[in-house]
Amino acid sequence: MTGTLAPLQRDNEIDLGEMLGTLHDNKWFIVRIVCIFVLLGVIYALVATPVYQATSTAQVEQKVPDLPGLSALTQTLGAEDPEATTQSALITSRMVVGAVVDKLKLTVQSGPERFPLFGNFIARLYASHNPGNVAAPWFGMVGYDWGGSKLDIFRLNVPDNLLDKPLTLIAGRNGNYVLEDAKGNILVTGKTGEVASSQGVTIQVKALAANEGTHFRVIRHRRLTVTNQLRRAIKVNEEGKDSGILDMSYDSTDPVLAAKVLGQVGELYVRQDVERNSAEAANSLEFVREQLPKVRMQLEKATAALNAYQLKARSVDINMQTQALLNQEVAIQTNIQQLRLQQADMQRQYTPAHPAYKALMQQIGQLEARKNAIDKQVGNLPNTQQELLKLTRDVQVSNDTYTGLLNQAQQLDIARAGTVGNVRIIDNSAVDITQPIWPKKSIVVLSSAFLGGFVALLCVFIRQALNRGIEDPAVIENLGLPVYASIPVSLRERALHDRRVRGHDRQRLLVTDAPADMATEALRSLRTSLHFARLEAKNNVLMITGSSPDVGKTFVSANLASLVAQGNQRVLLIDGDMRMGSLHRVVGCQAGPGLSELISGQADLDATMQQIGSSPNLQFVGRGKVPPNPSELLMNARFSTLLDLVKKTFDLIIIDTPPILAVTDAAIIGHHAGTALMVVRFGLNQAREVALARQRFEQNNIHLRGAIFNAVEKRSSGYYSYAYYGLGKPAR
C-alpha cells in the first residue's frame, strides 16, 4: 500500500478555485434565495406605507437691524452677525417646536387599527378610489378599518398613569363611542362633539367616521416627549457655507400633517425673531425713558445755579478765550455723557471682558484725558470766569443730553412699532404627494436582490463550514485508505428507493434496472478492482462496513453481489446486521429465517437461503429475528462453521455489517473476512470519523483493504468526473 499522501492544501489557506466551485455548485440555491428576496422586496414596495417629505426654505439676513441712538462703535463691535448653525438650533428649539406641538395638538395620537401586514395597503387603495366613504368590513372583521375611517380628537386629558399608554376607542352608532384602557376596562362613554369626563379622563371627539365596532388606537403623550421627537425629526441644513439659506425638511406618512408642521415651525420662528428684535428696541426705549427725568432734573439744577450766579455777579459775561474753552469742554462732556448712558445700557448685555465694552471704556478714557487737559487751562482763568464757565458748561451739556434723549426716544418708539426680523421664509412648506421619499421601488428591489445574494452566500459558506464531510477522495487516501471506487449519486436509485419504501417494487436493483447508469459503471469498476484484490486475500469472504449509519453499505453490497453473479460466479449475500438490517427489503426477500436462526441452531442453511430474482448464482441469507445479544451470537463457534461451509460452495461471500463506531459486530465479523472494505459517504462522513473507524479496526487486528466513496455529487472541482472514470485498480 502507498504511504500517506501530502495534503493538497493547508487549512489556513483560501482556495479561490474551490470557493468559485462551491458557488457554482450552489448556483440554483443562490438564485432561489435571491428570487425570494426580490419577490419580498416587490411586495414591500407595493404595500409599505409611503413616507412624504415637506420642504421649506428660509433666509437668514447676515446683519442686525440698527437701533437708533447707538454709536457706530457699538454697531460694529456690540452686535455680531448670526450664523446659520445658531439659527438652525433656534429653529428646532423647544420654544418653537413646543409651540407647534401645542397649536397642532400633536400630543394626542390616534389612528384606526388595521389588518396586519396588508391592512394599510388595502385602506389606502380603497380611500384613493372612494374618497369620503367608509369601506365595509371584510369577512365580518368589524374591529379593523378597511379604508375611510377617521377620528379627530379635539381634546384629551388623562391621569399621569395613562400618559404614553395605548387606549382603545370603539366606534358605536350615531357618533357614540367607548374609550377603554389596555385591559379592556371602560374609561369614558361619550358622543361626538360633546365633552365626556370620567375617572380622571376628559375627552372631546370633534369628528368620527367609522363602522360600528371599529377600533381606534389612542395615546396621550407627554408634551416634552413629543417635542423632543419632533425636534429630532425636523432637519435643518445650510445651503452652502455662510450662505444664510436654510433648507428645512420633515418626513411623515401624513403629507397634510407634514406640511402643517413645517409651515408652523417657519411661521412661529419668524414671529419670535421679530418679537426678539422688537423687544430689544423696547428695552432700549425703556432705558431712555428712565434717564429722561434724571437728565431734566440735572438741567433744571444747572440752569438755576447759572441764573443765581449771574444775579450775584451782576451779569458777568464770558470773554472770547473762555468761550472757546467752553465750547470744547461742552462737546467733550456731551460725548462723555452719551457714552456713559451707552455704558449703562451695555452693562445689561455684556460683561466687562467683552470687546465692545472694552472699546467703549477706552473711548471714554480718551475723552476724560482731553477733558482733564482743558480743565488745566481753565484753572489759569480768573475765578469769576472759571465759575461762570463751569455753570454754563453744565447747562449746555445737560440741555444737549436731554435733547438727544428726547430724539432717541422718538426714534426707538418708531423702531419698535416697525421692527423687521432677520429671518424670512422664501419657500413656504410644501409636499409632493406624487413622489414619496420612501419606499423607492427601484432601490428597494435592488437592495432586496443584494441582500438576498448576501444571505444566500452566507448560507452557502456557513453550510460549507459546518458540513465538514469528505468531498474529495484524496482526503480518504491521505488517511491511508485506497479508494477502490467512487460511486456517483444516482437519481434513478433514489427513485427506486422511494418506490421500495412505498411498497411498489419488491426487488429492483440499480444494476439490473439501469445498467448504463454512471453509478452502475462505478460498481463495475469496483468489481474489477476486487478481482485483483482477492488474489492476495486469505479467503473469499468480503465484508462491507461503514463508520456510521446511512452511508450506503446495503446499496453497495446488494448491487455488487448482483454484478459479480452476472459474471457466472456463485455469490452468497449475507445480512450481518442482526440489529437493524434492511438488506432483505432491497433484494426483495424475507428477513427470516436467517442468520440469527442459523447461528442459534434453529434452522439449517437450506431453509434460510433465498434466491434473489431469477439468477441461480445469487443467494441471500437475511438477518433473521432480532436477537437480544447479537455480538455474543456472532462469537459463537457455529458462525465460523457456517462460513467454512459456504466458502467451499460459493465463489464469493459478501457480508453487510453494522457500523463499526456504533457496535462491535463488524470487528467480530472482520476476523473471518479475507477482504474488508469501508463505505464512506460523500459530504456525510468526516475525516476524523473515518480515521477513528480505521483505528478501531486496527485495534482489533483487522486490516481494512480500502474504501468505497459513495454518493459522490457533481462538483465544479471535478470530483464527478473522477467517479466516472475511476475504473482502474486501487493504489497499491
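## With respect to a nonpolar patch on the surface
A grouping of Ile36, Leu39, Leu40, Ile43, Leu117 and Phe118 is seen on the molecular surface, where their side chains present a nonpolar patch of about 600 Å² in accessible area. Considering the arrangement of structural elements, one finds Leu40 in helix H2 (residues 27–47).

## Section: the pattern of salt bridges
Inspection of every chain in the model, using the stated rule, returns 12 salt bridges. Its salt-bridge partner being Arg694, residue Glu698 comes within 3.3 Å of it at the nearest N-O pair. Separated by 4 residues within a single helix, Glu698 and Arg694 lie in helix H24 (residues 687–699), roughly one turn from each other.

## Some thoughts on the sheet that holds strand E7 (residues 195–198)
Taken in spatial order, the 3 strands line up as E3-E8-E7 in an open sheet, and their pairing is antiparallel. Each of the sheet's edge strands pairs with one partner strand only, and the pair in question is strand E3 (150–157) and E7. For this sheet, the mean angle separating the axes of adjacent strands, direction not counted, is 25 degrees. Taken together, the 4 bridges between E7 and strand E8 (residues 201–209) define a ladder with antiparallel strand orientation. Across the sheet, the residue bridging to Ser197 is Thr202, located in E8.

## Thoughts on the nonpolar core
With 41 residues, the main nonpolar core has Ile476, Val646, Ile653, Val680 and Phe709 as its most contacted residues. Setting aside residues no more than four positions away along its own chain, Val646 makes contact with Leu572, Leu605 and Ile653. If you look at the next biggest cluster of nonpolar residues, it comprises 39 residues, including Leu496, Leu510, Ile544 and Cys589.

## Side note on the packing of helix H5 (residues 94–104) against helix H7 (residues 223–233)
Running from N to C, H5 and H7 cross one another at 115 degrees; their axes reach a closest spacing of 9 Å. Looking at the two axes, H5 sits roughly perpendicular to H7. As for how H5 packs across H7, the hand of that crossing is right-handed. Two secondary-structure elements touch here, H5 through Arg94, Val97, Gly98, Ala99, Val100, Val101 and Asp102 and H7 through Arg223, Leu224, Val226, Thr227, Asn228, Leu230 and Arg231. Broken down by class, the residue content of the contact of H5 with H7 amounts to 7 nonpolar, 3 polar and 4 charged.

## Here's the deal with helix H17 (residues 553–566)
Here H17 spans 20 Å end to end across 14 residues, near enough to the 20 Å set by a 1.5 Å rise per residue. Most of H17 is tucked away, with 13 of its 14 residues classed as buried. The first or second residue beyond H17 is Asn568, which carries a positive phi of 60 degrees.

## With respect to unusual backbone geometry
In this chain, Trp438 is followed by Pro439 through a cis amide linkage whose omega measures 0 degrees. Following Gly592, the chain continues into Pro593 via a peptide bond in cis, with omega recorded as 0 degrees. Along the polypeptide, Pro593 turns up in the loop between helix H18 (583–587) and helix H19 (595–600). Phi is positive for Ala711, which is not a glycine, with a value near 55 degrees. In this structure, Ala711 sits in strand E20 (residues 706–712).

Rules used throughout
- Position labels on residues start from 1 in each chain and follow its written sequence.
- This being a predicted model, a pLDDT of at least 70 is required before a residue's local features are given, and a value of 80 or more before pairs of side-chain atoms are given or counted; all residues contribute to the totals for chains, interfaces and linings.
- Note that water and hydrogens are dropped before the side-chain values are worked out from all heavy atoms of the structure.
- Note that patches include only residues with greater than 30% relative accessible area and no salt bridge, and the join distances are 9 Å for like charges and 5 Å for nonpolar side chains (Val, Leu, Ile, Met, Phe, Trp, Tyr).
- Accessible surface area values rest on a Shrake-Rupley calculation with a 1.4 Å probe, where residue burial reflects the displayed protein chains alone.
- By definition, a salt bridge exists where a carboxyl oxygen of Asp or Glu is found within 4 Å of a side-chain nitrogen of Lys or Arg.
- Runs of H or I in DSSP of at least four residues are treated as helices and runs of E of at least two as strands, each being numbered from the N terminus.
- Two strands qualify as a pair provided DSSP detects at least 2 bridges between them.
- To define axes, lines are fitted to C-alpha atoms, for helices over the stretch in contact only, and angles between the resulting N-to-C directions are given on a 0 to 180 degree scale.
- Joining through side-chain atoms within 4.5 Å is the link that ties buried Ala, Val, Leu, Ile, Met, Phe, Trp, Tyr and Cys residues into a set, and such a set is a nonpolar core.
- Only protein chains enter the accessibility calculation, which uses a 1.4 Å probe; a residue is then buried when its area is under 20% of its type maximum, exposed when over 50%, and partly exposed in between.
- In what follows, residue pairs with any heavy atoms lying within 4.5 Å of each other are defined as contacts.
- Orientation labels follow simple angle bins: below 35 degrees gives roughly parallel, above 145 gives roughly antiparallel, 65 to 115 gives roughly perpendicular, and whatever is left gives oblique.
- Should the near helix be turned counterclockwise from the far one by less than a right angle, the crossing is left-handed, whereas a clockwise turn marks it as right-handed.
- Throughout, the ten residues Ala, Val, Leu, Ile, Met, Phe, Trp, Tyr, Cys and Pro are labelled nonpolar, Asp, Glu, Lys and Arg are labelled charged, and all others, Gly among them, are labelled polar.
- Here a helix's expected span is defined as the number of its residues, less one, multiplied by 1.5 Å.

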